[in-house]
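# Coordinates in review
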Amino acid sequence: MRVTATAEFMLEPAFFPVEPNKDAGTSRDAISHGQRVGPGLDTRHGTILTLEDISVSFDGFRALNNLNLYIGVGELRCIIGPNGAGKTTLMDVITGKTRPSHGKAWFGETLDLTQMSEVQIAQAGIGRKFQKPTVFEALSVFENLELAQKTDKSVWASLRARLTGEQKDRITDVLETIRLTTSVNRPAGLLSHGQKQFLEIGMLLMQDPQLLLLDEPVAGMTDAETEFTAELFKSLAGKHSLMVVEHDMGFVGSIADHVTVLHQGSVLAEGSLEQVQENERVIEVYLGR
Amino acid sequence: MNQPLLVTATQKAGPKITIAVGAVILALLLALPLLSLLSPISVFHVSAYTLTLVGKILCYAIVALALDLVWGYAGLLSLGHGLFFALGGYAMGMYLMRQASGDGLPAFMTFLSWTELPWYWTGTSSFLWAMCLVVLAPGLLALVFGFFAFRSRIKGVYFSIMTQALTFAGMLLFFRNETGFGGNNGFTNFRTILGFGITEPGTRAVLFFATVVLLVASLFIGWRLAQSKFGRVLTALRDAENRLMFCGYDPRGFKLFVWVLSAVLCGLAGALYVPQVGIINPSEMSPTNSIEAAVWVALGGRGTLIGPLLGAGVVNGMKSWFTVAFPEYWLFFLGALFIVVTLYLPKGVIGLLKKRGEQ
Ligand SMILES: Nc1ncnc2c1ncn2[C@@H]1O[C@H](COP(=O)(O)OP(=O)(O)OP(=O)(O)O)[C@@H](O)[C@H]1O
Ligand SMILES: [Mg+2]
């Protein structure tokens, strides 16, 4: 039997191409490449993540200070900034690990991240790679990917879970993507630093979130691995939205069309990498370091 | 060139040897109660003392396995598992007291000139209800304690201290005469169970047999859990709880499930322990008992299924020898053992054997 495109299928494409936002630079300057129709996530205005006026203080020290940030659907955004600028804290706020003292954080148009637990946020479709690669060291590479897989993650389901052929194929695909096929049965604790980075990225791929937060993903990778990661991220953009924190400017230049510079907990500049690199305040911050 | 062959050979032989040794031990354990029924003059006769001693150690082995499920797999070191064991034991003990006292109140209550049974002991003259209590008392306590502890994200040493405090509080409560648990002396002087004389060889043999069945069942449950995705989630939780949450798993439910399961297994072990040993008193809840259980698991090798059984067997075997030879030095020896294991055998005896196997 031949599969033909039915009317319903055509009504619900996985992907709506949308013109990049013409108003880039104004308040909602998120660049949106497309709108992924994710189940349950309302992204009508093309913005997947909205952070407004976010502040976080640790014992009086302002790690984030009235921060505003918008990420568009399908966008690949890079966040740069000197050490201690608040980049990791920003990810902590988005994933529910740290609660902001004030400010708004919306995922899509309807989900208030400040009211959700870490688990709820993860289940809603935000995945995260930690700055220090964190994998389940005692488990094999395969088992790490298996646990990350997008599926019912309740106690009851875990007691009865059996991998379907389709799920196994997905794991095989991801193993190939992250080039760990030959290490499939090795305990993750025995992998090199770079391999752990890839495994964690692979776990994110298995989780299939709509928004991926990647904290220094290429730290400890060789040049070839970095180049490969850049290709991987570019291929993910569009289908997913990505927010990448990185110090490696070469890497940032190779992937991002839109860069946000963070300094002392606030956005210092935003624009293309060339634009921000010419920005005098940015130069001052980086040279004065 | 030879080495890979050798390695695969030992790896293949590993499980086979384990299965063979396990089968032999199981056959011996099943033979013991039968041999105890032989005439005392027979050379193969097993004395009541030996049968009781081994039965007792098997009950401890179940506790060790239950503790390993929460400690070795989920990383929650409980120093209060003696409490769950004792609760199961007390529920069974009360049934035995009621059997012994017929229609009247148990002896310790008439001694206090009580005229009515406290409400919480209602229905304990029924064996079935007593069995329900064996499961419910430790299970519900673990559920409530675990719910609040895991909700507040209490972990590591704080969790251990809280469990230790819990069993200590339990001990103080049960020590008091007015709480209705027999005070200092606990429950003893049992006569019959389901109408059968408790010291009769036949009864002893059946109780022993039931203990072996419970041990095998616990092993099977542990094995199935360890093989399942649930078991892998527990391991992940032990090593990187944050990562697991950001993968979308709620750790609380997983911890609570294994925690309650472990408590119930301990309760069942306690219920089989009491009729075999013939007494239950608050000293079973003493903090040192729970710590000892942790030593069994650490010595045998945590995170494995066989390790805790081995640990419970070895330590208790030594203990019964020590308490005859030099009773006053047992606790010193136990402490020294714990230090040696922590320093030199982080993976226990099983870890050592595995290493030997690989070399
Ligand atoms: N839990 C905490 N308690 C106190 N201070 C904190 C805490 N977390 C972060 N900080 C402080 O907040 C500031 C921002 O930290 P953050 O980790 O977000 O920086 P970063 O931009 O990720 O830096 P890096 O590039 O080094 O990773 C730092 O000065 C840090 O010391
Ligand atoms: Mg950081």
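Residues numbered from 1 in each chain as written. Chains lettered and ligands numbered in written order. Predicted model: local features only at pLDDT ≥ 70, side-chain atom pairs only at ≥ 80, totals over all residues. Heavy atoms only, no water.

### Details of the coordination of the magnesium ion (ligand 2)
- The magnesium ion (ligand 2) binds to the protein through T88(A) (OG1) and Q131(A) (OE1), with metal-donor distances spanning 1.9 to 2.2 Å. In this pair, T88(A) sits in helix 2 (residues 87-94) while Q131(A) sits in the loop between strand 8 (126-129) and helix 4 (141-148), placing the two residues 43 residues apart along the sequence. (Donors = N, O, S within 2.8 Å, 3.2 Å for Na, K, Ca; no water. Helix = DSSP H or I, 4+ residues; strand = E, 2+ residues; numbered from the N terminus.)

### Observations regarding the nonpolar core
- F136(A), L199(A), F233(A), L242(A), V244(A), I255(A) and F187(B) are the most contacted members of the largest nonpolar core, which has 150 residues in total.
- The element that contributes the greatest number of residues to this core is helix 2 (residues 48-73) of chain B, accounting for 15 residues.
- Not counting the four nearest positions on each side in its chain, I255(A) is found in contact with L76(A), C78(A), A230(A), F233(A), K234(A) and V244(A). (Core = buried A, V, L, I, M, F, W, Y, C linked by side-chain atoms within 4.5 Å. Buried < 20%, exposed > 50% of the residue type's maximum accessible area, 1.4 Å probe, protein only. Contact = heavy atoms within 4.5 Å.)

### Brief notes about the sheet that holds strand 3 (residues 47-58) of chain A
Residue and element names in this part refer to chain A.
- One open sheet accounts for four strands, arranged 4-3-6-7; its pairing is antiparallel. Here the strands that pair on one side only, and so sit at the sheet edges, are strand 4 (61-72) and strand 7 (111-112).
- Two strands pair when backbone bridges link them, and strand 6 (residues 102-107) and strand 7 are joined in this way by two bridges, in the antiparallel orientation. Note that in strand 7 the partner of F107 across the bridge is L111.
- Along the sheet, helix 2 contacts strand 3 and strand 4; its crossing angle with strand 3, the most-contacted strand, is approximately 115 degrees. (Pairing = 2+ DSSP bridges. Axes fitted to C-alpha atoms, helices over the stretch in contact; angles between N-to-C directions.)

### Some words on the pairing of strand 10 (residues 241-245) of chain A
Residue and element names in this part refer to chain A.
- Burial analysis of strand 10 places five of its five residues in the buried class, the great majority of the element.
- Judged by which residues are buried, strand 10 turns out to be covered on both faces: S241, M243 and V245 on one side and L242 and V244 on the other are all buried.
- Pairing analysis gives four bridges linking strand 5 (residues 76-80) to strand 10, with the strands arranged parallel. Its bridge partner being in strand 10, L76 is matched across the sheet by L242.
- In this sheet, strand 10 lies alongside strand 9 (residues 211-215) in parallel orientation, the contact comprising five bridges. Note on strand 10: the bridge partner recorded for D215 is V245.
- With helix 8 (residues 223-236) bridging strand 9 and its parallel neighbour strand 10, the resulting β-α-β unit is right-handed. (Right-handed = clockwise from strand over helix to strand, strands pointing away.)

### Focus on the confidence of the model for chain B
- For chain B, the mean per-residue pLDDT works out to 91, and 96% of the residues sit at or above 70.
- Between residues 1-10 of chain B, whose pLDDT stays under 50, and residues either more than four places distant or in other chains, the model counts one contact. (pLDDT = per-residue confidence, 0-100.)

### Quick look at the interface of chain A and chain B
- Across the boundary between the two partners, chain A contributes 31 residues, which contact 26 residues of chain B.
- Interface area for chain A against chain B, summed over the two sides, is near 2400 Å², with a carbon-plus-sulfur share of 67%.
- Where chain A touches chain B, the interface holds three salt bridges.
- One salt bridge connects R243(B) with E200(A), and the closest N-O pair in it is separated by 3.0 Å.
- Inspection of the chain A/chain B interface yields ten residue pairs in polar contact (both at pLDDT 80 or more).
- For the side of chain A that touches chain B, the secondary structure elements donating two or more residues are helix 3 (118-124), helix 4, helix 5 (155-160) and helix 7 (193-207) of chain A.
- When the residues that make up the side of chain A that touches chain B are grouped by side-chain class, the tally is 14 nonpolar, seven polar and ten charged. (Buried area = accessible area lost by both parts, 1.4 Å probe. Salt bridge = Lys/Arg side-chain N within 4 Å of Asp/Glu carboxyl O. Polar contact = N/O pair within 3.5 Å; in protein donor to acceptor, adjacent residues only side chain to side chain. Nonpolar A, V, L, I, M, F, W, Y, C, P; charged D, E, K, R; others polar.)

### Some words on the pattern of salt bridges
All names here are of chain A.
- One pass over the structure, following the stated rule, counts 16 salt bridges over all chains.
- In this structure, the salt-bridge partner of E270 is R77, at a minimum N-O distance of 3.5 Å. Here R77 lies in strand 5 and E270 lies in strand 12 (residues 266-271), a separation of 193 residues in the sequence.
- Look at E270 and you get partly exposed, because its relative accessible area is 26%.
- The class for R77 is buried, based on a relative accessible area of 0%.

### Observations regarding the packing of aromatic side chains
- Inspection of the entire model under this criterion finds 37 aromatic pairs over all chains.
- Judged by centre distance (5.2 Å) and plane angle (65 degrees), the rings of F230(B) and F257(B) are edge-to-face. Of this pair, F230(B) sits in helix 8 (residues 229-239) while F257(B) sits in helix 10 (residues 251-277), and the two are 27 residues apart along the sequence.
- On the basis of relative accessible area, F230(B) is assigned to the buried category, the value being 0%.
- Owing to a relative accessible area of 33%, F257(B) belongs among the partly exposed residues under this scheme.
- Members of the aromatic cluster, connected to one another through ring pairs, are Y90(B), F108(B), W119(B), Y120(B), W121(B), F174(B), F181(B) and F187(B).
- Note that R128(A) overlies the ring of F246(B), its terminal NZ or CZ placed 5.5 Å from the centroid. (Phe/Tyr/Trp six-rings, centres within 6.5 Å; stacked < 30°, edge-to-face > 60°. Lys NZ or Arg CZ within 6 Å of the ring centre and 35° of its normal.)

### Here's the deal with the sheet that holds strand 11 (residues 258-263) of chain A
All names here are of chain A.
- Strands sit in the order 8-9-10-5-11-12 across an open sheet of six strands; the sheet is mixed. Single-partner strands in this sheet number two, and they are strand 8 and strand 12. When strand polarity is set aside, the average angle formed by the axes of neighbouring strands in this sheet is 20 degrees.
- With four bridges connecting them, strand 8 and strand 9 associate as parallel partners.

### Observations regarding the site of ligand 1
Residues and elements named next belong to chain A.
- Neighbouring ligand 1 are 13 residues; N83, K87, T88, T89 and Q131 lie closest to it.
- Within the backbone of A85, one N or O atom sits 3.2 Å away from an oxygen atom of ligand 1.
- Between ligand 1 and H247 there is a distance of 2.9 Å, counted from an oxygen atom to a side-chain nitrogen or oxygen.
- Counting only elements with at least two residues in the shell around ligand 1, the list comes to strand 4 and helix 2.
- When residues in the shell around ligand 1 are grouped by element, the largest group, three residues, is from helix 2.
- Across the shell around ligand 1, the residue classes break down as four nonpolar, seven polar and two charged. (Near = heavy atom within 4 Å.)

### Considering unusual backbone geometry
- Of note in the backbone geometry, D59(A) takes a positive phi value of approximately 50 degrees without being a glycine.
- Take D59(A): it is sitting in the loop between strand 3 and strand 4.
- Of the residues examined, D59(A) reaches a relative accessible area of 84% and is grouped as exposed.
- One non-glycine residue, L194(B), adopts positive backbone phi at about 55 degrees.

### Details of the side chain of T229(A)
All names here are of chain A.
- By the secondary structure assignment, T229 is in helix 8.
- The class for T229 is buried, based on a relative accessible area of 0%.
- Apart from the residues lying within four places of it in its own chain, the contact partners of T229 are F198, I201, V218, M221 and F251.

### What about the layout of surface pockets?
Residue and element names in this part refer to chain B.
- Considering only enclosed or pocket space, the second largest pocket measures out at about 420 Å³ in volume.
- Along its surface, the second largest pocket is lined by 23 residues, and K56, Y60, E292, N316 and K319 are the ones closest to its centre.
- Sorting elements by how many residues they give to the lining of the second largest pocket places helix 2 first, with seven residues.
- Class assignment of the residues belonging to the lining of the second largest pocket gives a composition of ten nonpolar, nine polar and four charged. (1 Å grid on protein atoms, 1.4 Å probe; cavity = no way out; pocket = protein on both sides within 12 Å on 5 of 7 lines; lining within 4 Å. Points joined across faces, edges and corners; volume = space filled by probe spheres on them.)

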